[in-house]
Amino acid sequence: MNAPIRENDPTELDRFKRDIDLVDYAERQGYQVRKEGKRGDWHQLEKDGEVLIVTRKADHQVYLNTGDDRDKGSVIDFAKTRGGNGHGLNLGQVRQQLREYLHDGPVPARVYTAPLEVSRLNALPVGDPDHERQQQEDRKTRLIAEVLGVNKELTDRSYLHSRSITDSTIDSPAFQGRIFTAQQNEHKNTAFPLYNEQGLASVEQKNEHYKNLLPLPKNGIWVSHPTQGKDTPVERVVVSESAIDSLSHYQLKHAQAPRNTLYVATSGTPTEAQVALIQRVIDKQEPKEIVLANDRDAGGRQFNMNYMNELHPARPLVPVADQEAYKEASRPVEWHATSDKYHTALKVSYRHDSAESGAAQVQQLTERVARMNGTQEAGPTIELEVQRSTERETVLRLSVAKADTAQLEVISQELYRQREQLRPEQERGQETFIRVDYPQAKDWNRELELTAQGLSAEQIRAQAQLDEQQRAAERDQREQQRQAEYARSAAMERAEQETRRQYDERQRQQRADDNSPESQAEQQEEDRRFNQAMMGGAVADAGRQDAEQPFRSYRTEQEAAAHTAQFVHARDAGLVLLKEYINDNPPPTGRKVDEAEQAELRDQARFAARPAAADLPVAQAEVKVATWQIDELEPNTTGRAEAWKEILDNSGYSMRTSEIRSTVDEQGIRRAEFDMTYRNDQPDIAIIHAIVTNTNARAEAGREQYAGVRVAESEANQAARQAAAEVAPIQPHNRDRSLDVADKPPLESTANALSSEKQVIIKVDEPAITPGERGQAEAVQAAVIGSGAKAGDIQSTTANDGIRHSEMKVTYRTDQPELSRISHTLDAVAEQPGSHVVEHSSDRAERRELSKSQEVATPARNTEITR
């Protein structure tokens, strides 16, 4: 039985993490997979300039925002952060959203089958943390080596030249060994390595219309040498968003103020690790000045506000126990800037000795905000809110529209000066330690480009305004396209709801008509004729005499085959039976069918080619499944399901049936079922629809011939088939009756749509084994084969470090009865340390979904039990 969902069931969150494919969920939110690991162990997703890395942790997937190392976690964190149109969701809302995703609709309950115990994997060796860390380090080294190659050098300057960077800048001592050429096939990209305290951490590649940062934690920075050469005292550190901006700033500014300068770039939005690393550079180099050279936009201003809070003059080392640590200056005031799609916010925290002193500090800030609001022609632009106030701390939040972010930057600069005044005298730094330097254009490289064109400073500013107007127009256009797409989706949803409503209304009207006296009399006559067709024999071929043999259940399969052959293979008997239970009426009086139309109908009935169905949605071309469930009427009998199946198989229509599955209950009643597959884009879908709906209607009405017969399917499939039947080219009244037992369409047209062969690569890393010893790879191979999948030979190599790298190819089909066991085995292998299952995310999601469907249906699909 399905357990009801409790509103705050803690195990439900674990199920969400385990059962939801984070890559697929993100794709449905508009993210696109740009890259994935060769082993399938990571995926890089992008949306609106945001880059996420999805990897696997234990039994679930996790993500990391490369631009913000605070933005990470499981699918719970993903939905909580990004739901509500970017405003976030509470945990209850996250639960509801993920339930709807799993159920493909707001269904209140879902069957969660316990994972299959894969006992064969118990013998696999357990990995150790040091080995896993070494694997991660090896992976980073391999990725970087693939980009930079063996000989790290700059051999192609074409991209730098295209960005107006001159050879004299490139050849400066500051940038020697800090720019390389990445050769990948015929492509040559310019590579900028990122470093941290452990060495090379990642690589950013750039080219025309191409930018890529390796899928590694963003905990390194691009850093130049001092402009006067290595190991010279640094006087100034310039921080920018990209290495290209650093080169541009050097080319534009350095000659005007030739101080010994070190350039630092973060490759986009700075992470906490990068900010901490920049501070370590300051501690080591002890510069007299920090220049923030970020873009002239809301994002660049936000970065500058946070840098002013986080970066300080070089910190002294002080002894702590047996070690040394940096001495932090006091922080009587702190602030942090954040932004969403439309607003920028500044959170300010005052720490004070008493409520009175805190009130004085807050009053100073409040008055400054009031003065700034009073100077705005359009009225106040800064909102100020006191969020928390205690004896020792006061927290405020200031918010502006993104276009007014510069006002918050002015406030943060005043907070910087206020903090220095509030600190003890021995901790105060020079107020000019951090300086902001904005380009005249949007960024430094754009200013360099315009300068290279010979534009004056005034012309550059004018062009910058035109650039911003163009970007704003492009943003508006994208927003309009998004709104139009939303409107189209809403219109389609409304149309679908209206179609369902009309279908329900027709069904209610049909039931009302069926209860009329005329309808009851007509149905009784149809039942009489149907009973004759079922109870009587039929002529199989010309010259064969009619055989009046009663239809009945059979005690053996051989007896059933011998007795049912005389009518299930007979054209006339099949025709009569189908004609009766699909309620087939003759063509309207007076309408003649000419030879051309008859030939067209004949071609359609044979399904020689798949017809175009322009009026049908693309989704209706998917293969649908309806399950026929047929019970015997007496104990210890069989053959009734076979008779129905044979009639459907020989009808000449496009549906296909599967093998029969059956069980026998304690009273000896055989309960059988088989699947009927069909496609809504076939021209005879109206007849198939009539077969299914009329069969269920007559069974529900208590007709004797339909006792124990039911066709089971989802309501969504019923509604979709109804809509397709209404516009189908072949209707019950216009079909070509001479071809009711026409050839079936080629098997490939439907069989291939029902199942497909999937391929998986399993890679195993383990300590080398002695000849004849059974290692982890052999254990995995045995487990996979035992599950029902096919596993190829193990291909192994042993590296110099004594690690054995093995690989095997695994194949399975999606229609295998062992799919559930195969799926759980692959998942269990993936969770084993040292084992990697390389599989496309869409194949993995399909495999798991089919596995769950198979597990749910298992109790009704046991093999027949003999008594």
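You'll find the structure just up there.
Below, the structure is looked at part by part. As the structure is a computational prediction, the values presented were derived from the model and not from experiment.

Digging into the pairing of strand β5 (residues 68–73)
Piece 1. The pairing of strand β4 (residues 60–65) with β5 spans three bridges and is antiparallel. Along β5, the bridge assignment pairs Y63 with G73.
Piece 2. Joining the antiparallel neighbours β4 and β5 is a turn of two residues.

Describing the side chain of T657
Piece 1. Structurally, T657 is set in strand β22 (residues 656–657).
Piece 2. By relative accessible area, which is 18% here, T657 ends up buried.
Piece 3. Within polar-contact distance, the side chain of T657 engages the side chain of K645 at 2.7 Å.
Piece 4. Within the structure, the side chain of T657 is placed 2.5 Å from the side chain of D649, a separation counted as a polar contact.

Some remarks on the packing of helix α20 (residues 685–700) against helix α21 (residues 715–726)
The axes of two packed helices give the description: the angle between them and the distance between them.
Piece 1. At a minimum axis distance of 8 Å, the contact between α20 and α21 shows a crossing angle of 135°. As judged from the angle between their axes, α20 and α21 are oblique. The two elements α20 and α21 meet at a crossing, and its hand is left-handed. The residues of α21 that touch α20, namely those facing I685, A686, H689, V692 and T693, are R721, Q722, A724 and A725.
Piece 2. Partitioning the contact of α20 with α21 into residue classes produces five nonpolar, three polar and one charged.

Some points on helix α24 (residues 819–831)
Piece 1. With 13 residues, α24 extends 19 Å from end C-alpha to end C-alpha; this agrees with the ideal 18 Å at 1.5 Å per step.
Piece 2. Most of α24 sits out of view: ten of its 13 residues are buried.
Piece 3. For α24, the full list of buried residues reads L819, S820, I822, S823, H824, T825, L826, D827, A828 and V829.

Thoughts on the packing of aromatic side chains
Describing an aromatic ring pair means giving the distance of the ring centres and the angle of the ring planes.
Piece 1. Under the criterion given, the structure shown has eleven aromatic pairs.
Piece 2. Considering the side-chain rings of F192 and W222, the 6.4 Å spacing of their centres and the 80° angle between planes classify their relative orientation as edge-to-face. With F192 in strand β7 (residues 187–196) and W222 in strand β10 (residues 222–223), this residue pair connects regions lying 30 residues apart in the sequence.
Piece 3. Assessed through its relative accessible area of 1%, F192 is described here as buried.
Piece 4. By the ring-pair criterion, three or more aromatic residues cluster together here, those being Y25, Y31, Y63, F78 and Y101.
Piece 5. Directly above the ring of Y438 sits R301, whose terminal nitrogen or CZ lies 4.6 Å from the centroid.

About the thresholds
- Residues numbered from 1 in each chain as written.
- Predicted model: local features only at pLDDT ≥ 70, side-chain atom pairs only at ≥ 80, totals over all residues.
- Heavy atoms only, no water.
- Pairing = 2+ DSSP bridges.
- Helix = DSSP H or I, 4+ residues; strand = E, 2+ residues; numbered from the N terminus.
- Buried < 20%, exposed > 50% of the residue type's maximum accessible area, 1.4 Å probe, protein only.
- Polar contact = N/O pair within 3.5 Å; in protein donor to acceptor, adjacent residues only side chain to side chain.
- Axes fitted to C-alpha atoms, helices over the stretch in contact; angles between N-to-C directions.
- Parallel < 35°, antiparallel > 145°, perpendicular 65-115°, else oblique.
- Left-handed = near helix turned anticlockwise from the far one by under 90°.
- Contact = heavy atoms within 4.5 Å.
- Nonpolar A, V, L, I, M, F, W, Y, C, P; charged D, E, K, R; others polar.
- Expected span 1.5 Å × (residues − 1).
- Phe/Tyr/Trp six-rings, centres within 6.5 Å; stacked < 30°, edge-to-face > 60°.
- Lys NZ or Arg CZ within 6 Å of the ring centre and 35° of its normal.

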